Amino acid sequence: MSAVANPATVAECLRVGAGFSQGDRNWIAEQFATLDARLAGFHADATELEVSVKDREARGQKVTLECWIAGRQKIVTTSAEEDLHAALNDVRDDLRRKLNDAKTRQEPRHNKHLREVPPPQAEVDGDEPRADAETA
């Protein structure tokens, strides 16, 4: 992937949604910091992340992380872990997996640099005698 002039980072692209306050944003950004390396291949102005939680601190809480990258489908990851810290780590790791899968799907299948086996050589016209040919 070519170098991006303004690479995306979690700190720059993260929004907190329902269930979180702006005070939680820095703590969450620290939890998601390992995503920076994966997001660096995308432009910051074309990348958005939003994390939200439904029924925070309750038994049935659900954490959702959504990722929008221009030119790609929206990626949504969820976790029903009861511990908020574990749920955030769960959605973070799931997003990293999905980003890696999406990248793999977009790589060209017939990239000549990925193939190490040389193509078969064309046979020479009948002008030269072959070593294995029978002589009459």
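Remember, predicted model here, so these are calculated numbers, not experimental data.

What about the sheet that holds strand 4 (residues 75-79)?
In step 1: Spatially, four strands are ordered 1-2-3-4 in an open sheet, and the strand pairing comes out mixed. A strand with exactly one partner marks an edge of an open sheet, and here the two such strands are strand 1 (14-16) and strand 4. Sheet twist, expressed as the average angle between the axes of neighbouring strands with direction ignored, equals 15°.
In step 2: Relative to strand 3 (residues 62-69), strand 2 (residues 47-54) runs antiparallel, the two sharing eight bridges. Bridge assignment links Glu48 to a residue of strand 3, and that residue is Trp68.

Comments concerning the pairing of strand 3
In step 1: With six of eight residues buried, strand 3 lies mostly within the body of the structure.
In step 2: Relative to strand 4, strand 3 runs antiparallel, the two being bridged by five bridges. Bridged to Thr64 within strand 4 is Thr78.
In step 3: Linkage of strand 3 to strand 4, two consecutive antiparallel strands, is achieved through a turn of five residues, within which Gly71 is found at a positive phi near 85°.

What to know about unusual backbone geometry
In step 1: Positive phi, normally seen in glycine, also occurs at Asp55, with a value near 55°.
In step 2: Following the sequence through the fold, Asp55 ends up in the loop between strand 2 and strand 3.
In step 3: Unusually for a residue other than glycine, Glu57 sits at a positive phi of about 70°.
In step 4: If you trace the backbone, Glu57 turns up in the loop between strand 2 and strand 3.
In step 5: A residue is classified by how much of its surface remains accessible, and Glu57, at 63% relative accessible area, is exposed.

Topic: the pattern of salt bridges
In step 1: The final tally for this structure, using the stated rule, is nine salt bridges.
In step 2: Across the pair Arg15 and Glu50 runs a salt bridge whose closest N-O atoms are separated by 2.9 Å. Pair noted here: Arg15 is in strand 1 and Glu50 is in strand 2, with a separation of 35 residues, a long-range link.
In step 3: On the accessibility criterion, Arg15 (34% relative accessible area) is partly exposed.
In step 4: Look at Glu50 and you get buried, because its relative accessible area is 19%.
In step 5: Between Asp93 and Arg92 there is a salt bridge, with the nearest N and O atoms lying 3.0 Å from each other.

Focus on helix 2 (residues 22-31)
In step 1: Where helix 2 is concerned, the buried positions are Asp24, Arg25, Ile28, Ala29 and Gln31. All buried residues of helix 2 fall inside an arc of 145° around its axis, so they share one side. With respect to the buried face of helix 2, the exposed residues turned more than 90 degrees away are Gly23, Asn26 and Glu30.

Thoughts on the side chain of Arg38
In step 1: Mapped onto the fold, Arg38 is located in helix 3 (residues 36-39).
In step 2: Among the residues examined, Arg38 registers a relative accessible area of 12% and is labelled buried.
In step 3: A distance of 3.4 Å separates a polar atom in the side chain of Arg38 from the backbone oxygen of Leu99.
In step 4: Within the structure, Arg38 has its side chain in polar contact with the side chain of Asn100 (distance 2.8 Å).
In step 5: With sequence-adjacent residues up to four places away left out, Arg38 is seen in contact with Leu99, Asn100 and Lys103.

Criteria and cut-off values
- Residues numbered from 1 in each chain as written.
- Predicted model: local features only at pLDDT ≥ 70, side-chain atom pairs only at ≥ 80, totals over all residues.
- Heavy atoms only, no water.
- Pairing = 2+ DSSP bridges.
- Helix = DSSP H or I, 4+ residues; strand = E, 2+ residues; numbered from the N terminus.
- Axes fitted to C-alpha atoms, helices over the stretch in contact; angles between N-to-C directions.
- Buried < 20%, exposed > 50% of the residue type's maximum accessible area, 1.4 Å probe, protein only.
- Salt bridge = Lys/Arg side-chain N within 4 Å of Asp/Glu carboxyl O.
- Arc of directions from axis to C-beta.
- Polar contact = N/O pair within 3.5 Å; in protein donor to acceptor, adjacent residues only side chain to side chain.
- Contact = heavy atoms within 4.5 Å.

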